[in-house]
Amino acid sequence: MNLFNSPDEIRKAVVDSLSNPSEDIARHVLAMAGANPDRIEKNITTGTGLVAYDLQAPAKNLYPVNTPLIRSLPRVNGVGTATNWKAVTGLSGSGFDATGWVPEGQRAGQMSYATASRSAAYATIGEEDQATWEAISAGRTFEDVQATMTTRLLQKMMLKEEMAVLAGNASLQLGTPAAPALAAAGSGATLPAATYSVIVVALTLEGYRNSSLAGGVATSRTVTGADGKTFSINGGSSNKSANATQAVTLGQTLSASVTPIQGALAYAWYVGTAGSETLQAITGINSVAFGAPLAGARQAASAITADSSTNTTGFDGLLTTALKAGSGAYVNALATGVAGTGTTLTSSGHGSVLEIDAMLQNLWDAYQVSPSVLWVNSQQLKDIAAKVLSAGSAPLLQYFQNPSEGEVRMTAGAAIDFYFNPFLNGGMRIPIRIHPMAPPGTILGYAADLPLQYQSSEVPNVAEVRVRRDYYQIDWPVTTRAQMVGVYAEETLAVYAPFAMAAITNIAAG
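Because the structure is predicted, anything quoted here is derived from the model rather than measured.

Thresholds, definitions, all that
Residues numbered from 1 in each chain as written. Predicted model: local features only at pLDDT ≥ 70, side-chain atom pairs only at ≥ 80, totals over all residues. Heavy atoms only, no water. Pairing = 2+ DSSP bridges. Helix = DSSP H or I, 4+ residues; strand = E, 2+ residues; numbered from the N terminus. Axes fitted to C-alpha atoms, helices over the stretch in contact; angles between N-to-C directions. Contact = heavy atoms within 4.5 Å. Expected span 1.5 Å × (residues − 1). Buried < 20%, exposed > 50% of the residue type's maximum accessible area, 1.4 Å probe, protein only. Core = buried A, V, L, I, M, F, W, Y, C linked by side-chain atoms within 4.5 Å. Phe/Tyr/Trp six-rings, centres within 6.5 Å; stacked < 30°, edge-to-face > 60°. Salt bridge = Lys/Arg side-chain N within 4 Å of Asp/Glu carboxyl O.

Draft legend 1. A look at the sheet that holds strand 21 (residues 443-446). Judged by pairing direction, the sheet is mixed, and its 6 strands sit side by side in the order 15-24-21-16-20-19 without closing on themselves. The strands lining the two open edges of the sheet, one partner per strand, are strand 15 (330-333) and strand 19 (418-421). Averaged over all pairs of adjacent strands, the angle between strand axes in this sheet comes to 15°, irrespective of strand direction. Sheet topology note: the strand 16 (residues 373-376)/strand 20 (residues 428-434) ladder contains 3 bridges and is parallel. The partner of V376 across the bridge, within strand 20, is I434. Here helix 8 (residues 354-367) sits on the sheet in contact with strand 15, strand 16, strand 19, strand 20, strand 21 and strand 24 (501-505), set at roughly 155° to strand 24.

What follows is the structure, encoded as structure tokens:
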């Protein structure tokens, strides 16, 4: 190929090509340079990277913000360090309480009262974030970084408040579980033969949500605030139990169970040789079974050194209030059953669940109240439907026919929207709702209102969020080249009639 030797030759080639306007300039120049104009090689492809970037604005927020409790509970203003009230919990008549006869012309004896002083201390919930000036500048035309930062900060605050209202734990310590009971039986399992040691740790709902097999059981953590100061926060776990050991031969399944802990909604199980137990399972019931080889690289039981179940800077949520001794709430922790499998809900055989029926009857017999909603995990919703729906009680397939097209469509599956309580006069339909934070193995019954026989109770709300200062945003003074924002709320949960709540726990799937 003959190439041009100088810029003058290139200019001459271009001028000559312009004298022949019918000829493509590029082809003419290439021909004069000795190149074949029909063999042009193109070296730019999409892989070169010289392409536009199709970035959709703004960012897609692919996380759920589902907070049914704080959206439904009343919010009432309060003052001071705590909200306080007096409760008249009973009236006792003179003589015999259920007998009111008085002789002619005489006066009855004087009745007496049962009273109690109640209080709920205010606590602060907060979350912070920041955006550097460079991030704010770089985000222009994509999204308003400051605005979206504040929106996401608010949403995270709402999620934390929802958990606090559902299961905050300021006072119900889990303590230390008893050593687990172990057994080995069966055939066909692949757990290697050895003498295994098992340790158990009880978890609150906060502990269940804060823990995982990969990350380990949440204990306590030191938090460095945006002001540089530190504080400690507990994750929601008990102290670890003493260990128990069990010899297992090849083919056998190792099962373990523990006495239920009041306030525990899940259990973490550490298994291994004595002194080397690691986290192998987290269950919503107080038993577990192991039939396969243990997983490696898990949290060691030695990481659990103390009870980390409560946070005294918080307040008790609905579940904690119901589960506390002396609350008056109906609480039923199902029996351990067969170790590793637990006890499931029981069908009544006529379209209801025996455990829920017993709960509703107990609430009526003891206090003449009924839950207005049942909060469940997705597992329990499925379990209730399985126990209630059968070939004899309800159809599992629904048929829809389009007469004009002769088309038949079928819908499989069914769920239970309401549970009928026959123990109130006239009966009552109770909605069954999935709560996104409820643990498997638990049903929470909650009454939003007291029935008519409590019309003079001075309790317009069975429970309410009492707010000393509701959600507020602080745009902190600029001390660095970043915009710092905090969102806070000062509140507590006041439950005036805890006896109008109920909890069924330790429910096995099935």
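Read on, since the account is not over.
Draft legend 2. Up close: helix 8. With 14 residues, helix 8 extends 20 Å between its outermost C-alpha atoms, agreeing within 8% with the 20 Å of an ideal straight helix rising 1.5 Å per residue. Listing the buried residues of helix 8 in full gives E355, I356, D357, M359, L360 and L363.

Draft legend 3. Representation of the nonpolar core in the model. Among the nonpolar cores identified, the biggest contains 71 residues, and L318, I356, M359, I384 and I443 are the most heavily contacted of them. Of the residues forming this core, the biggest block, 10 residues, is contributed by helix 5 (residues 145-167). By size, the runner-up hydrophobic cluster in this structure holds 20 residues, among which are L182, V248, I261 and A264.

Draft legend 4. Looking closely at the sheet that holds strand 11 (residues 253-257). A sheet is described by the order of its strands in space; here 3 strands give the open sequence 5-11-14, paired in antiparallel fashion. Each edge of the open sheet is held by one strand with a lone partner, namely strand 5 (181-185) and strand 14 (287-290). Strand-to-strand twist of the sheet, defined as the mean angle between neighbouring strand axes without regard to direction, takes the value 15°.

Draft legend 5. Examining the side chain of Q380 more closely. Note on placement: Q380 falls in helix 9 (residues 378-388). For Q380, a relative accessible area of 0% gives the class buried. The residues touching Q380, leaving out its near neighbours within four places in the chain, are P439, P440, G441, T442, I443 and I507.

Draft legend 6. Structural detail: the packing of aromatic side chains. Applying the stated criterion to the full structure yields 4 aromatic pairs. Taking the centre distance of 4.8 Å and the plane angle of 75° together, the rings of W85 and Y496 count as edge-to-face. One end of the pair, W85, is in strand 2 (residues 82-92); the other, Y496, is in the loop between strand 23 (482-495) and strand 24, with 411 residues separating them in the sequence. Its relative accessible area of 18% is what places W85 among the buried residues.

Draft legend 7. Spatial organisation of the pattern of salt bridges. Overall, the coordinates contain 9 salt bridges when judged by the stated rule. In this structure, E134 and R481 form a salt bridge, with 2.6 Å as the shortest nitrogen-oxygen distance. Pair noted here: E134 is in helix 4 (residues 133-138) and R481 is in the loop between strand 22 (463-475) and strand 23, with a separation of 347 residues, a long-range link. Its relative accessible area of 41% is what places E134 among the partly exposed residues.

Draft legend 8. Structural context of the pairing of strand 22. Where strand 1 (residues 75-77) lies against strand 22, 3 bridges are found, and the strand directions are parallel. Bridging across to strand 22, V76 finds its partner in R466. The pairing of strand 22 with strand 23 spans 10 bridges and is antiparallel. Across the sheet, the residue bridging to D475 is V485, located in strand 23. Taken together, strand 22 and the strand that follows it, strand 23, pair antiparallel across an intervening segment of 6 residues.

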